[in-house]
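Coordinates in review
Listed here are the chains, written in short residue letters.
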Amino acid sequence: MAALLDQAATAEEVTAGYSRDDWKHWIDQDGDGLDTRQEVLADESLGDPAIAGNRVRTGLWTSLYDGVRTSNPSDFDVDHVVALNEAHQSGGWAWDTLTRQLYANDLTFPDHLIAVSASSNRSKGARDPAEWLPSNPAAICTYLGWWTAIKVRWGLAMDSAERQTIARYAQGLCADTRIDAAAADSGAVKVTVATQTPPAASATAGPARTSPGDSGCHPAYDPCLPIVGDLNCSDVRELDLAPVTIKVIGEDPYRLDGNKDGTGCT
């Protein structure tokens, strides 16, 4: 964990300008009728979940944070391990709308979103590890490992108190915790913050725009396409990146593959 922690930048948080409405969720990413919340519930059920009407009706879940177990999905929240507000404060204030949506619905890293008891999720809120840790002692090192991996994957910074807390655990209780840095980075959406002025505390900040080259690689495409609010085949050809492979047919947010054959901008 300590080695991965070294990859995260340190920066003061930007607390102004956050609006949950700027981080669109939950969405049906693969068109199967289940939105992101339902996908997480279905995936994390310890037994075969019962699904009807595009919703998970029953299953069996255990909350990592506090050990609570339920068969009723209404008892559980789907938690962003690094909360949306925390992501905003740590660099997401400079992201465009599409990047925020990708973050809010990230299923490419299995521990980005987890099903936990509603009470533990609301106790956690948007607090970082310097302010909150799971009440289940056996979960602390796992939680801190996930937190660190997510921050590094998304190019999010840590404030000094947050870093010091994680470093203390990495050198003590969690010294034997190992994170496969390559696995943590696999399928990552690395976002480089564009050079912008952070929103002032008295201002209402809207979603920031990025331009090609400002962002990391969109996970849906090969070769690397920038994460921007919109991109079309003319842009792709100007960047000399055509043709484009759509990694999973049907998952084509830029709508580059008109005939859905897996290759766009031919």
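Next up on the list: the nonpolar core. Counting 47 residues, the largest nonpolar core has Val-81, Tyr-103, Leu-144, Tyr-221, Leu-225 and Leu-256 as its most contacted members. Residue assignment for this core shows that the elements contributing at least two residues are helix H1 (2-5), helix H3 (84-89), helix H4 (97-104), strand S6 (113-117), helix H6 (140-153), helix H7 (160-171), helix H9 (233-238) and strand S8 (244-246). Examining the composition of this core, we find that nine residues originate from one element, H6, more than from any other. Leave out the neighbours within four places in its chain, and Leu-256 touches Tyr-221, Leu-225, Leu-231, Asn-232, Cys-233, Val-236, Gly-264 and Cys-265. Ala-42, Val-56, Val-78 and Ala-115 belong to the second-largest nonpolar core, a separate cluster that totals nine residues.

Let's shift gears to the state of the cysteines. By the definition in use, this model includes two disulfides. Each sulfur of the disulfide joining Cys-233 and Cys-265 lies 2.1 Å from the other. As the torsion about the S-S bond is roughly -85°, the Cys-233-Cys-265 disulfide counts as left-handed. One end of the pair, Cys-233, is in helix H9; the other, Cys-265, is in the segment after strand S9 (263-264), and 32 residues separate them in sequence. Assigned by exposure class, Cys-233 and Cys-265 land together as buried.

Mapping Ser-90 onto the fold places it in the loop between H3 and H4. Residue class for Ser-90 comes out buried when judged on its relative accessible area of 9%.

A cluster of acidic residues, Asp-28, Asp-30, Asp-32 and Glu-251, forms a negative patch at the surface. With respect to the element layout, Asp-32 can be found in the loop between H1 and helix H2 (36-44).

This brings us to the pattern of salt bridges. What the rule picks out here adds up to six salt bridges. A salt bridge links Arg-100 to Asp-22, with the shortest nitrogen-to-oxygen separation between them at 3.8 Å. With Arg-100 in helix H4 and Asp-22 in the loop between H1 and H2, this residue pair connects regions lying 78 residues apart in the sequence. Judged on exposure class, the residue Arg-100 and its partner Asp-22 are both buried. Here Lys-151 and Glu-86 are joined by a salt bridge, their closest N and O atoms 2.6 Å apart. Taken as a pair, Lys-151 in helix H6 and Glu-86 in helix H3 lie far apart in primary sequence, 65 residues in all. The buried category is assigned to Glu-86, whose relative accessible area is 1%. Here the salt bridges share partners, and the residues they tie into one network are Glu-86, Lys-151 and Glu-162.

A word on the sheet that holds S9. If you trace the three strands from one edge of the open sheet to the other, you get S7-S8-S9, paired in antiparallel fashion. Lying at the two open borders of the sheet, with one neighbouring strand each, are strand S7 (221-222) and S9. Summarising the sheet, S7 and S8 pair through two bridges and their orientation is antiparallel. Directly across from Tyr-221, in S8, lies its bridge partner Ile-246.

Structurally, Tyr-221 can be placed in strand S7. Judged by relative accessible area, which is 2%, Tyr-221 ranks as buried. Through-space distance from the C-alpha of Tyr-221 to that of Ile-246 is 5.0 Å; in sequence the pair is 25 residues apart. The contacts of Tyr-221, once residues within four sequence positions are left out, are Val-244, Thr-245, Ile-246, Lys-247, Asp-252, Pro-253, Tyr-254, Arg-255 and Leu-256. Separated by 2.6 Å, the side chains of Tyr-221 and Asp-252 make a polar contact. There is a polar contact of 2.8 Å between the side chain of Tyr-221 and the backbone nitrogen of Tyr-254.

What counts, and at which threshold
Residues numbered from 1 in each chain as written. Predicted model: local features only at pLDDT ≥ 70, side-chain atom pairs only at ≥ 80, totals over all residues. Heavy atoms only, no water. Core = buried A, V, L, I, M, F, W, Y, C linked by side-chain atoms within 4.5 Å. Buried < 20%, exposed > 50% of the residue type's maximum accessible area, 1.4 Å probe, protein only. Helix = DSSP H or I, 4+ residues; strand = E, 2+ residues; numbered from the N terminus. Contact = heavy atoms within 4.5 Å. Disulfide = S-S within 2.5 Å. Patch = residues over 30% accessible without salt bridge, like charges linked within 9 Å, V, L, I, M, F, W, Y side chains within 5 Å. Areas by Shrake-Rupley, 256 points an atom, 1.4 Å probe, with all protein chains shown as cover. Salt bridge = Lys/Arg side-chain N within 4 Å of Asp/Glu carboxyl O. Lys, Arg positive; Asp, Glu negative; His and termini not counted. Charge placed at Lys NZ, Arg CZ, Asp CG, Glu CD. Pairing = 2+ DSSP bridges. Polar contact = N/O pair within 3.5 Å; in protein donor to acceptor, adjacent residues only side chain to side chain.

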